[in-house]
Amino acid sequence: MPNEADRTRLKPRHVSLVAIPDAVVSTLSGVFDVMNAFSVLPPGLTEAQPFEVQIVGLEAGPLILASQVPITVQRSIDDLDATDIIIVPSILLGPGGWRKGRYPQLVEWVRRMHDRGALLCSACSGIFLLAETGLFDGAEATVHFGYASAFSAAFPHVSIHPERVLVVSGRREELISSGASMTWHDLVLYLISRHMGASAAQTIARFFALQWHQDGLAPYIVFEGRNDHGDTAIQVAQDWVATRFSVANPLEEMTRRAGLTERTFKRRFTRATGVSPMAYVQRLRIEDAKRRLETTDISVDEISWQVGYEEPAFFRRLFKRITGLAPGVYRRRFRIPDYARSTSKD
């Protein structure tokens, strides 16, 4: 990690914020604004602008992003022989997923800048582009949990952890990835803390009301059971339990409907869905409990009974193990505010 003298050097670090047609404007503009904010903050935080942020791309000039918003690429990568930090913002994956090999010139430039000492950073799905360099092979990273399966299929040599907010890996701690959507807050705050100190990062967090996602991303992940396995018997059981998970002993009925012995059913269910039948039922129950905590004032004990648990203590332990939060904490964090509920049409 950099020492205090390095943090206060006068020369600003050059930040290359990569713009490609797939990029999401909100992440790109958010990172750009926050890292350029020191000029408008109260005096005394820093003696000089710590970062020089430029939007870079294959060509300088106008570019239409994924949301059809036009931006201006300030500098071509052909004109950049060195940069300190490369950030690839969130990208929008279409129905066909990420298609490799579309940006060979950009991928090669990232490799070259890494060889010259640059940090490589991704926000959310930006890791797809960085992973094409091969520099993350054998390393750990994170990505939006909705893209985790697609990423693992495309880049099997990268150890992906979608439940983690920020992952810092590499020999020089130079491979940095942030998880779902708004965790670019954590990425930017980390970079500020790394180069300027924790006090500067906290000042920025307060100024912009940015969130440190200190509880991880497990509370945000919505469980969706796999149904692309092609096992008809298991699919029958999944379809039945999707709306009847709260009944007593659902596994017995799932096995009967699948027309299999209990041992065979458990083996085939786990192979098809990636989780055991019991874990599958538990995840369905917890997802239903999460929605009830978000939208109602029903007590935790009552919700426990409604989703299929007679012992509230067991439900509370299971809920925390799966989501990382106790039910009461989850409700305070994710409950729809009164001002929103009063106008809701649901």
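Data block above holds the structure.
Here goes a summary of the coordinates provided.

Rules used in this analysis
Residue indices begin from 1 for each chain and proceed along its sequence in written order. pLDDT decides what is reported in this predicted model: residues at 70 or higher carry local features, side-chain atom pairs at 80 or more are listed and counted, and totals for whole chains, interfaces and linings draw on all residues regardless. Only heavy atoms go into the side-chain values, all of them from the structure, while hydrogens and water stay out. At least two bridges found by DSSP between two strands are what make those strands a pair. The helix count covers DSSP runs of H or I at least four residues long, the strand count covers runs of E at least two residues long, and both are numbered beginning at the N terminus. Stacked, tilted and edge-to-face are the three classes applied to pairs of Phe, Tyr and Trp rings, where Trp contributes its six-membered ring and a pair requires centres within 6.5 Å; stacked means planes under 30 degrees apart, edge-to-face means over 60, and tilted covers the rest. Relative accessibility thresholds used throughout: buried, under 20% of the residue-type maximum; exposed, over 50%; partly exposed, between the two (1.4 Å probe, protein chains only). Comment: the charge-over-ring label is applied if NZ (Lys) or CZ (Arg) is within 6 Å of the ring centre and within 35 degrees of the ring normal. The contact definition used throughout considers only heavy atoms, calling two residues in contact when any of these lie within 4.5 Å. Between N-to-C directions, angles span 0 to 180 degrees; the directions come from axes that are lines fitted to C-alpha atoms, helices contributing only their stretch in contact. For classification purposes, an angle smaller than 35 degrees is called roughly parallel, one larger than 145 roughly antiparallel, one from 65 to 115 roughly perpendicular, and anything else oblique. Handedness of a crossing is defined here by the sense of rotation of the near helix relative to the far one, left-handed for an anticlockwise turn of less than a right angle and right-handed for a clockwise turn. Each residue gets one label: Ala, Val, Leu, Ile, Met, Phe, Trp, Tyr, Cys and Pro are nonpolar, Asp, Glu, Lys and Arg are charged, and the others, such as Gly, are polar. The nonpolar core is taken to be a set of buried Ala, Val, Leu, Ile, Met, Phe, Trp, Tyr and Cys residues, with the residues joined through side-chain atoms within 4.5 Å.

### Topic: the sheet that holds strand β5 (residues 75–76)
A sheet is described by the order of its strands in space; here seven strands give the open sequence β5-β2-β1-β6-β7-β11-β10, paired in mixed fashion. Edge strands, defined here as strands with exactly one partner in the open sheet, are β5 and β10 (166–169). Bridging between strand β2 (residues 51–57) and β5 involves two bridges; their strand directions are parallel. Following the sheet pairing, Val 56 is matched in β5 by Arg 75.

### Some details on the packing of aromatic side chains
Tallying each qualifying case throughout the model produces 17 aromatic pairs. Summarising the aromatic geometry, the rings of Phe 265 and Phe 269 are spaced 5.5 Å apart at their centres and angled 50 degrees between planes, so their arrangement reads as tilted. On the criterion of helical spacing, the pair formed by Phe 265 and Phe 269 is a turn pair, its members being four residues apart in helix α10 (residues 262–273). In this structure, Phe 265 and Phe 269 share a single accessibility class: buried. One Lys or Arg, Lys 100, reaches over the ring of Phe 155 and ends 4.5 Å from the middle of that ring. Sitting over the face of the ring of Trp 98, Arg 102 holds its NZ or CZ atom 4.6 Å from the ring centroid.

### Some thoughts on the environment of Ile 322
Relative to the elements of secondary structure, Ile 322 occurs in helix α13 (residues 312–323). Residue Ile 322 is classed as buried on the basis of its relative accessible area, which comes to 18%. Measuring from C-alpha to C-alpha, the distance between Ile 322 and Ile 286 comes to 8.0 Å, with 36 residues separating the pair along the chain. For Ile 322, the contacting residues outside a window of four places in its chain are Ala 218, Gln 282, Arg 283 and Ile 286.

### A word on the packing of helix α11 (residues 277–295) against helix α12 (residues 300–307)
Across the interface, α11 lies against α12 with an axial gap of 10 Å and an inter-helix angle of 140 degrees. Classified by the interaxial angle, the pair formed by α11 and α12 is oblique. In the packing of α11 onto α12, the handedness of the crossing is right-handed. Packed against α11, whose contacting residues are Arg 285, Asp 288, Ala 289, Arg 292 and Leu 293, the element α12 presents Val 300, Ile 303, Gln 306 and Val 307 at the interface. Residue classes in the contact of α11 with α12 are distributed as five nonpolar, one polar and three charged.

### Observations regarding the packing of helix α2 (residues 25–35) against helix α6 (residues 184–196)
Two elements in contact, α2 and α6, have axes separated by 10 Å at closest approach and are oriented at 30 degrees. In terms of axis orientation, α2 runs roughly parallel to α6. The element α2 and its partner α6 pack so that their crossing is right-handed. Between α2 and α6, the contacting residues are Thr 27, Gly 30, Val 31, Val 34 and Met 35 on the first element and Trp 184, Val 188, Leu 191 and Ile 192 on the second. In terms of residue class, the contact of α2 with α6 is made up of seven nonpolar, two polar and no charged.

### Side note on the nonpolar core
In this structure, Ile 87, Trp 109, Phe 128, Leu 191 and Ile 192 are the most contacted members of the largest nonpolar core, which totals 71 residues. If one sorts the elements of this core by residue count, α6 sits on top with eight residues. Beyond its immediate stretch of four places on either side in the chain, Ile 87 contacts Val 15, Ser 16, Leu 17, Val 18, Val 31, Met 35, Cys 121, Leu 187 and Leu 191. By size, the runner-up hydrophobic cluster in this structure holds 16 residues, among which are Phe 223, Trp 240, Met 254 and Leu 284.

Read these as spatial facts, not as claims about activity.
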